[in-house]
Every structure is written in structure tokens, then in C-alpha cells.
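Chain and residue survey
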Amino acid sequence: MQELICNIEFDRDGESFIAKLRTEIGGLREFTDSTFDSVLNQVMLELEEEFL
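Everything quoted here is computed from the prediction, not taken from an experiment. (Residues numbered from 1 in each chain as written. Predicted model: local features only at pLDDT ≥ 70, side-chain atom pairs only at ≥ 80, totals over all residues. Heavy atoms only, no water.)

A few words now on the pairing of strand β1 (residues 6–13). Direction of pairing for β1 relative to strand β2 (residues 16–23): antiparallel, over a ladder of eight bridges. Across the sheet, Arg12 pairs through a bridge with Phe17, a residue of β2. Where β1 folds back onto β2 in an antiparallel hairpin, the turn is made up of two residues, including Gly14, whose phi is positive at roughly 70°. (Pairing = 2+ DSSP bridges. Helix = DSSP H or I, 4+ residues; strand = E, 2+ residues; numbered from the N terminus.)

As C-alpha cells, this is what we get:
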């Protein structure tokens, strides 16, 4: 059985990268930074805190 645990969307707005992370526990969170790596790291840290 598969279960959706999170939904992540990545967008680019000019020179900024935006990640929208939605989980059942934490709801919707948005992260913005000038580099994709930084936004991805923020999302990974948030997921680690929630699921570990």
C-alpha cells in the first residue's frame, strides 16, 4: 500500500527559487532563496525534523 506523505513543488521567480512543501502534520510551508541548493537543503532539513 502506498501513502502520500508530502508534496513538494519547486518554482523559479526571476532570480529566486521557491519551494512549497505540504505535509499532513506541518501543513504548507514555503522556502525562498537565491540558489536551488539552498532551497533544497531547507526542504530536506524540514522533512528530517518532521519524519525522524
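From this point, things continue past the structure.
Once that is clear, we can look at the pattern of salt bridges. Enumeration according to the criterion identifies two salt bridges in this entry. A salt bridge links Glu50 to Arg29; its shortest N-O distance comes to 3.0 Å. Of this pair, Glu50 sits in helix α1 (residues 36–51) while Arg29 is found in strand β3 (residues 27–33), placing the two residues 21 residues apart along the sequence. For Arg29, a relative accessible area of 14% puts it in the buried group. Through salt bridges that share partners, Arg29, Glu46 and Glu50 make up one connected network. (Salt bridge = Lys/Arg side-chain N within 4 Å of Asp/Glu carboxyl O. Buried < 20%, exposed > 50% of the residue type's maximum accessible area, 1.4 Å probe, protein only.)

This next bit is on the nonpolar core. In terms of nonpolar packing, the biggest core is built from seven residues, these being Phe17, Ala19, Leu21, Phe31, Val39, Val43 and Leu47. The set of elements that each furnish at least two residues to this core consists of β2 and α1. If we skip the residues at most four places from it in the chain, Ala19 touches Glu9, Phe10, Arg29, Glu30, Phe31, Val39 and Val43. (Core = buried A, V, L, I, M, F, W, Y, C linked by side-chain atoms within 4.5 Å. Contact = heavy atoms within 4.5 Å.)

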